[in-house]
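For reference, the chains in residue letters:
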Amino acid sequence: MQLEFIPVEQFYFALTLAVRTLDDLTTPGLAAQVGKRLKETFEQPSTVAAASQNTYNYVFWVNGVDNSPADQLILSIADWQGNLRLSSDYGWMLDAERKAVRTEKFNQRPTFSQQVRAHLQEQFQVSLVD
(Lines give C-alpha, C1' and ligand atoms only; values in the text may rest on other atoms or scores of the structure.)
Protein backbone atom coordinates (compact mmCIF):
# COMPACT_ATOMS: atom_id res chain seq x y z
CA MET A 1 0.00 0.00 0.00
CA GLN A 2 1.29 3.41 -0.94
CA LEU A 3 -0.37 6.72 -0.05
CA GLU A 4 -0.12 9.68 -2.42
CA PHE A 5 -1.07 12.95 -0.72
CA ILE A 6 -3.74 15.06 -2.42
CA PRO A 7 -3.04 18.76 -1.73
CA VAL A 8 -5.81 21.29 -1.24
CA GLU A 9 -5.40 22.57 -4.82
CA GLN A 10 -6.38 19.13 -6.19
CA PHE A 11 -8.81 17.99 -3.51
CA TYR A 12 -12.00 19.13 -5.20
CA PHE A 13 -11.15 17.17 -8.34
CA ALA A 14 -10.33 14.03 -6.34
CA LEU A 15 -13.45 14.11 -4.18
CA THR A 16 -15.92 11.32 -4.71
CA LEU A 17 -19.37 10.88 -3.22
CA ALA A 18 -18.53 7.24 -2.56
CA VAL A 19 -16.17 7.99 0.37
CA ARG A 20 -17.72 6.57 3.55
CA THR A 21 -16.52 6.22 7.16
CA LEU A 22 -14.25 3.22 7.55
CA ASP A 23 -13.35 3.58 11.25
CA ASP A 24 -13.78 6.00 14.14
CA LEU A 25 -10.97 5.56 16.66
CA THR A 26 -11.88 6.99 20.05
CA THR A 27 -8.56 6.66 21.91
CA PRO A 28 -8.08 9.95 23.82
CA GLY A 29 -5.37 12.10 22.24
CA LEU A 30 -4.97 9.88 19.17
CA ALA A 31 -6.51 12.38 16.72
CA ALA A 32 -4.18 15.12 17.96
CA GLN A 33 -1.13 12.83 17.81
CA VAL A 34 -1.87 11.68 14.25
CA GLY A 35 -2.75 15.24 13.21
CA LYS A 36 0.64 16.43 14.45
CA ARG A 37 2.44 13.72 12.45
CA LEU A 38 0.42 14.50 9.33
CA LYS A 39 1.18 18.22 9.62
CA GLU A 40 4.91 17.52 10.10
CA THR A 41 4.93 15.33 6.98
CA PHE A 42 2.49 17.04 4.61
CA GLU A 43 2.08 20.52 6.14
CA GLN A 44 -1.27 21.90 4.97
CA PRO A 45 -4.31 19.55 5.06
CA SER A 46 -6.17 18.63 1.87
CA THR A 47 -9.22 20.60 3.00
CA VAL A 48 -9.84 23.62 5.15
CA ALA A 49 -11.98 22.69 8.13
CA ALA A 50 -15.25 24.56 8.30
CA ALA A 51 -16.34 23.70 11.83
CA SER A 52 -14.89 23.36 15.30
CA GLN A 53 -15.60 19.60 15.45
CA ASN A 54 -13.16 19.02 12.56
CA THR A 55 -9.75 20.72 12.37
CA TYR A 56 -7.96 18.67 9.69
CA ASN A 57 -8.60 16.30 6.80
CA TYR A 58 -5.70 14.78 4.86
CA VAL A 59 -6.75 12.92 1.71
CA PHE A 60 -4.71 10.40 -0.25
CA TRP A 61 -4.86 8.32 -3.40
CA VAL A 62 -4.18 4.73 -2.34
CA ASN A 63 -1.92 2.88 -4.75
CA GLY A 64 -1.19 -0.84 -4.70
CA VAL A 65 -4.64 -1.94 -3.48
CA ASP A 66 -7.24 -3.41 -5.84
CA ASN A 67 -10.55 -1.58 -5.63
CA SER A 68 -12.03 -2.93 -8.87
CA PRO A 69 -14.34 -2.32 -10.52
CA ALA A 70 -13.62 1.27 -9.37
CA ASP A 71 -10.55 2.71 -11.05
CA GLN A 72 -9.29 4.67 -8.05
CA LEU A 73 -9.12 4.46 -4.27
CA ILE A 74 -9.21 7.33 -1.78
CA LEU A 75 -8.39 7.43 1.93
CA SER A 76 -9.27 10.35 4.19
CA ILE A 77 -7.68 10.82 7.61
CA ALA A 78 -9.47 13.40 9.72
CA ASP A 79 -10.35 14.38 13.24
CA TRP A 80 -14.04 14.38 13.99
CA GLN A 81 -15.32 15.51 17.37
CA GLY A 82 -12.01 14.56 18.99
CA ASN A 83 -11.84 11.11 17.36
CA LEU A 84 -9.64 9.92 14.53
CA ARG A 85 -11.82 9.15 11.51
CA LEU A 86 -10.63 7.01 8.61
CA SER A 87 -12.83 7.14 5.52
CA SER A 88 -12.52 5.52 2.12
CA ASP A 89 -14.38 4.62 -1.02
CA TYR A 90 -13.08 1.04 -0.80
CA GLY A 91 -15.98 -1.26 -1.71
CA TRP A 92 -18.00 1.61 -3.16
CA MET A 93 -18.19 3.28 -6.55
CA LEU A 94 -20.37 5.76 -8.36
CA ASP A 95 -22.89 4.43 -10.86
CA ALA A 96 -23.82 6.13 -14.14
CA GLU A 97 -26.10 8.51 -12.21
CA ARG A 98 -23.25 9.42 -9.79
CA LYS A 99 -24.92 7.58 -6.89
CA ALA A 100 -22.75 5.52 -4.54
CA VAL A 101 -23.31 1.78 -4.88
CA ARG A 102 -21.63 -1.11 -3.10
CA THR A 103 -19.26 -3.33 -5.05
CA GLU A 104 -18.32 -6.97 -4.44
CA LYS A 105 -15.44 -5.68 -2.26
CA PHE A 106 -17.80 -4.01 0.23
CA ASN A 107 -17.68 -6.98 2.64
CA GLN A 108 -13.86 -6.69 2.67
CA ARG A 109 -13.91 -3.20 4.21
CA PRO A 110 -12.95 -4.49 7.71
CA THR A 111 -9.88 -6.22 6.26
CA PHE A 112 -8.97 -3.10 4.30
CA SER A 113 -9.38 -1.04 7.49
CA GLN A 114 -6.89 -3.29 9.28
CA GLN A 115 -4.44 -2.88 6.40
CA VAL A 116 -4.82 0.91 6.59
CA ARG A 117 -4.27 0.91 10.35
CA ALA A 118 -1.13 -1.24 10.03
CA HIS A 119 0.23 1.00 7.28
CA LEU A 120 -0.42 4.20 9.24
CA GLN A 121 1.07 2.74 12.43
CA GLU A 122 4.25 1.90 10.54
CA GLN A 123 4.42 5.18 8.63
CA PHE A 124 3.69 7.51 11.56
CA GLN A 125 4.90 5.38 14.50
CA VAL A 126 1.62 5.69 16.43
CA SER A 127 -0.59 2.96 17.82
CA LEU A 128 -4.00 2.81 16.13
CA VAL A 129 -5.51 0.26 18.47
CA ASP A 130 -8.90 1.44 19.71
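Scroll up for the structure.
In this text the structure is predicted, and so the values were computed from the model without any measurement. (Residues numbered from 1 in each chain as written. Predicted model: local features only at pLDDT ≥ 70, side-chain atom pairs only at ≥ 80, totals over all residues. Heavy atoms only, no water.)

**As for the packing of aromatic side chains**
Here is step 1: Summed over all chains, the structure comprises eight aromatic pairs.
Here is step 2: Ring geometry for F5 and Y58: centres 6.0 Å apart, planes at 40°, overall tilted. Taken together, the residues F5 in strand β1 (residues 2–6) and Y58 in strand β3 (residues 57–63) connect sequence positions 53 residues apart.
Here is step 3: Pairing F42 with Y58 gives two aromatic rings, centres 6.4 Å apart and planes at 45°, and the pair type is tilted. (Phe/Tyr/Trp six-rings, centres within 6.5 Å; stacked < 30°, edge-to-face > 60°. Helix = DSSP H or I, 4+ residues; strand = E, 2+ residues; numbered from the N terminus.)

**Quick word on the side chain of N67**
Here is step 1: Looking at the element boundaries, N67 is found in the loop between β3 and β4 (74–80).
Here is step 2: Polar side-chain contacts of N67 include one of 3.1 Å to the backbone nitrogen of G91.
Here is step 3: Ignoring sequence-local partners within four residues, the contact set of N67 consists of Q72, L73, D89, Y90, G91, W92 and K105. (Polar contact = N/O pair within 3.5 Å; in protein donor to acceptor, adjacent residues only side chain to side chain. Contact = heavy atoms within 4.5 Å.)

**Digging into the nonpolar core**
Here is step 1: Grouped together as the largest cluster of nonpolar side chains are 25 residues, with contacts concentrated most on V34, L38, F60, I77, L84, L120 and L128.
Here is step 2: Mapped onto this core, the elements with two or more residues apiece are β1, β2 (20–25), α2 (30–42), β3, β4, β5 (83–88) and α3 (109–124).
Here is step 3: The element best represented in this core is α2, accounting for five residues.
Here is step 4: With residues near it in sequence (within four places) discarded, I77 still touches V34, L38, Y56, N57, Y58, F60, L84, R85, L86 and L120. (Core = buried A, V, L, I, M, F, W, Y, C linked by side-chain atoms within 4.5 Å. Buried < 20%, exposed > 50% of the residue type's maximum accessible area, 1.4 Å probe, protein only.)

**Observations regarding the pairing of β3**
Here is step 1: With respect to burial, β3 is a largely interior element, five of its seven residues being buried.
Here is step 2: Examined bridge by bridge, β1 and β3 share five bridges and lie antiparallel to one another. Residue pairing for β3: E4 is matched across the bridge by W61. (Pairing = 2+ DSSP bridges.)

**Remarks on the sheet that holds β1**
Here is step 1: Strands sit in the order β1-β3-β4-β5-β2 across an open sheet of five strands; the sheet is antiparallel. Each edge of the open sheet is held by one strand with a lone partner, namely β1 and β2. Sheet twist, expressed as the mean angle between neighbouring strand axes with direction ignored, is 30°.
Here is step 2: Each of β1, β2, β3, β4 and β5 touches α2; the most contacted strand, β3, lies at about 70° to it. (Axes fitted to C-alpha atoms, helices over the stretch in contact; angles between N-to-C directions.)

**Here's the deal with α2**
Residues that lie three or four places apart on an α-helix share one face, since the helix turns once every 3.6 residues.
Here is step 1: Between the first and last C-alpha of α2 there are 18 Å, a value that for 13 residues agrees with the 18 Å anticipated at 1.5 Å per step.
Here is step 2: Inspection of α2 places L30, A31, V34, G35, L38 and F42 among the buried residues, and these make up the whole buried set. Along the axis of α2, the buried positions cluster into a sector of 125°, meaning they face one direction only. Exposed positions of α2 whose direction lies more than 90 degrees from the buried face are A32, K36, K39 and E40.
Here is step 3: On the buried face of α2, the contacting elements are β1, β2, β3, β4, β5 and α3.
Here is step 4: A positive backbone phi angle near 65° is found at E43, which sits one or two residues after α2. (Expected span 1.5 Å × (residues − 1). Arc of directions from axis to C-beta.)

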